[in-house]
Amino acid sequence: VEEGGGAFGAAGGADASAIKHLYLQGVRALLKYQPSYFADFTELTIERLLQCSKDPSYEIVHTAERALENLVTALDPERCLSILLPYLRRSEEAEVVLSVVRTLQRFVSRVPSPTLLKSLPEIMPTLVGCFSSPNVDMRKSVVFALVEAYFVLGDSLMPHLAGLNAAQLKLITIYVERQQKARGPGEGG
């Protein structure tokens, strides 16, 4: 890191944000079209992209999350899940947890059901807690992540939802039914 805040800190605030955004767009494109370049740096890439969750700029956060989505949809889902799980437990960093939940929502369908089932004891306490978050984006992301998990695990997920109240369970059921109709017959658990 260079003196004066590194490469991004040397320029003015708006310029630094614009440069960071362009940089993230480049990383996002590389992750989409050349993901194998990142296979040896998955942990570091995920860590750096999640750090962008704390940025005050919506464009930075959004682009970093789309880059994360490209990464987890292109590289080994089990490895990505194992890297993301420790970040899910960082309750003091709500922005990071939100990005992880959003990322889970987008790639949980790629995780093999035995791996996902085995990971539920680590995932569910945070998701259940986040379901009561005052942040509507967090609650919405939790619902969508649980709906996607249902399509991987089917009724095997239900015992892990015991920490939710009746209204929360009903909400998940409604969204599962909507997704089943949208996806058509024969899909899901």
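Quick notes on the rules
- Residues numbered from 1 in each chain as written.
- Predicted model: local features only at pLDDT ≥ 70, side-chain atom pairs only at ≥ 80, totals over all residues.
- Heavy atoms only, no water.
- Helix = DSSP H or I, 4+ residues; strand = E, 2+ residues; numbered from the N terminus.
- Buried < 20%, exposed > 50% of the residue type's maximum accessible area, 1.4 Å probe, protein only.
- Contact = heavy atoms within 4.5 Å.
- Axes fitted to C-alpha atoms, helices over the stretch in contact; angles between N-to-C directions.
- Parallel < 35°, antiparallel > 145°, perpendicular 65-115°, else oblique.
- Left-handed = near helix turned anticlockwise from the far one by under 90°.
- Nonpolar A, V, L, I, M, F, W, Y, C, P; charged D, E, K, R; others polar.

Asker: Can you help me understand the environment of leucine 153 in this one?
Answerer: With respect to the secondary-structure elements, leucine 153 resides in helix α8 (residues 136-153). Under the relative-accessibility criterion, leucine 153 is labelled buried at 11%. Distance from leucine 153 to isoleucine 46, taken between C-alpha atoms, is 25 Å for residues 107 residues apart in sequence. If sequence neighbours within four positions are ignored, leucine 153 has contacts with Ser113, Leu116, Leu117 and Leu120.

Asker: Help me understand the packing of helix α6 (residues 94-107) against α8 in this model?
Answerer: Helix packing for two helices is described by the angle between their axes and how far apart those axes are. Viewed as axis vectors pointing N to C, α6 and α8 meet at an angle of 30 degrees, and their least axial separation amounts to 8 Å. Between α6 and α8, the interaxial angle falls into the category roughly parallel. Regarding α6 and α8, the two cross each other, and that crossing is left-handed. Residues Ala94, Val97, Leu98, Val101, Arg102 and Gln105 of α6 pack against Asp137, Met138, Ser141, Val142, Phe144, Ala145 and Glu148 of α8. Here the residues of the contact of α6 with α8 sort into 8 nonpolar, 2 polar and 3 charged.

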